[in-house]
Amino acid sequence: MKKLAIFVEGKTEQIFVAKLLKEIAGKFKISIEIKSRQGINFDKVIMKDPVTFITRFYVLIYNSCRDESVISDIKEQYNLLAEDGYDRVIGLRDVYPISISDKSKLQRGLNYALPVRTIPINIVLAVMEVESWFLAEYNHFLKIDPRLTPEKIQAMFGFNPRIDDMEQRPHPTDDMEQIYNYVHKGYNKSEKQLNRLASNLDYEFLYMHLANSVPSLGEFMGYIDKFMISS
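None of these values were measured; they are calculated from a predicted model.

Participant: Please explain the overall build of the protein as it appears in this structure.
Facilitator: Within the protein, the regular secondary structure consists of ten helices and six strands. Taking 17 Å as the expected radius of gyration for a compact globule of 231 residues, we find that the protein reaches 18 Å, a close match to that expectation. Considered along the principal axes of its C-alpha atoms, the protein spans approximately 55 × 40 × 35 Å. Looking at the 231 residues of the protein, the share that counts as buried comes to 52%.

Written as structure tokens, this is what we have:
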């Protein structure tokens, strides 16, 4: 059984990544555990799938609850992960509120802070926020409300999620809020709303198409593929 740890910065990423893994990797007999940082040197198990003799992949999703804590939590947990036989670690956090012009500097700084030992660690920076991936998956807006066509979004908000580069949006969370609010649906990142979003996303479209056109999403998907395919 191969083991992967994914450290995320918040509940949005926690819910999305869990759903993504179930959708694209469920056929491979994957078991998922979710932990959330509760304070200094303390975390809480949110859910944990059973491991059976047919389980091929075990994935820990660790919610650091702050973007600044993703790297420090990886460093803190690294020795335990090594002892527990983990094969790869992925860290996922937003670039925002740091400027896009400082992305390369941020990436270098994060990579420099990582332990260099036996388990490969990859840090993925969602540009500018993971919500840019949700904007690019424009099909889900029609499930929220059939009025939310790419053309309607362009007419109302000045960009077309089907043809424009969503990684160039300065604050994708604001875009999501405005689009949802237009049809009287909220996007305040409550657990109920995040689960609604996760259930409406087209994961095949994300995996098969957007991974080729949204670089940060493609990078994240690529590391998951490396983990699974190299078994």
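Participant: What's the story with the side chain of glutamate 131 in this structure? I'm lost.
Facilitator: With respect to the helices and strands, the residue glutamate 131 is situated in helix α4 (residues 131-136). Take glutamate 131: its relative accessible area is 0%, and that puts it in the buried class. A distance of 2.7 Å separates a polar atom in the side chain of glutamate 131 from a polar atom in the side chain of tyrosine 187. When neighbours within four sequence positions are excluded, glutamate 131 is seen to be in contact with Thr12, Pro172, Thr173, Met176, Tyr187 and Lys189.

Participant: Just to check I follow, could you spell out the packing of helix α1 (residues 11-25) against helix α10 (residues 215-229) for this structure?
Facilitator: Helix-helix packing: each pair is described by the crossing angle between the helix axes and the interaxial distance. At a minimum axis distance of 13 Å, the contact between α1 and α10 shows a crossing angle of 50°. As far as their axial angle goes, α10 and α1 are oblique. Like other packed secondary-structure pairs, α1 and α10 cross with a definite hand, here right-handed. Where α1 approaches α10, its residues Val17, Leu20, Leu21, Ile24 and Ala25 are matched on the opposing element by Phe220, Met221, Ile224 and Met228. A per-class count over the contact of α1 with α10 returns nine nonpolar, no polar and no charged.

Participant: Help me out: how do you make sense of the pattern of salt bridges in this one?
Facilitator: Between side chains of opposite charge, a pair can form when the charged atoms approach closely. If you walk through the whole model with that rule in mind, you get ten salt bridges. The salt bridge involving arginine 169 is made with aspartate 175; its shortest N-O contact spans 2.9 Å. What emerges from the salt-bridge pattern is a single network uniting Arg37, Asp73 and Glu76.

Criteria and thresholds
Residues numbered from 1 in each chain as written. Predicted model: local features only at pLDDT ≥ 70, side-chain atom pairs only at ≥ 80, totals over all residues. Heavy atoms only, no water. Helix = DSSP H or I, 4+ residues; strand = E, 2+ residues; numbered from the N terminus. Rg over C-alpha atoms; globule rule 2.2 N^0.38 Å. Buried < 20%, exposed > 50% of the residue type's maximum accessible area, 1.4 Å probe, protein only. Polar contact = N/O pair within 3.5 Å; in protein donor to acceptor, adjacent residues only side chain to side chain. Contact = heavy atoms within 4.5 Å. Axes fitted to C-alpha atoms, helices over the stretch in contact; angles between N-to-C directions. Parallel < 35°, antiparallel > 145°, perpendicular 65-115°, else oblique. Left-handed = near helix turned anticlockwise from the far one by under 90°. Nonpolar A, V, L, I, M, F, W, Y, C, P; charged D, E, K, R; others polar. Salt bridge = Lys/Arg side-chain N within 4 Å of Asp/Glu carboxyl O.

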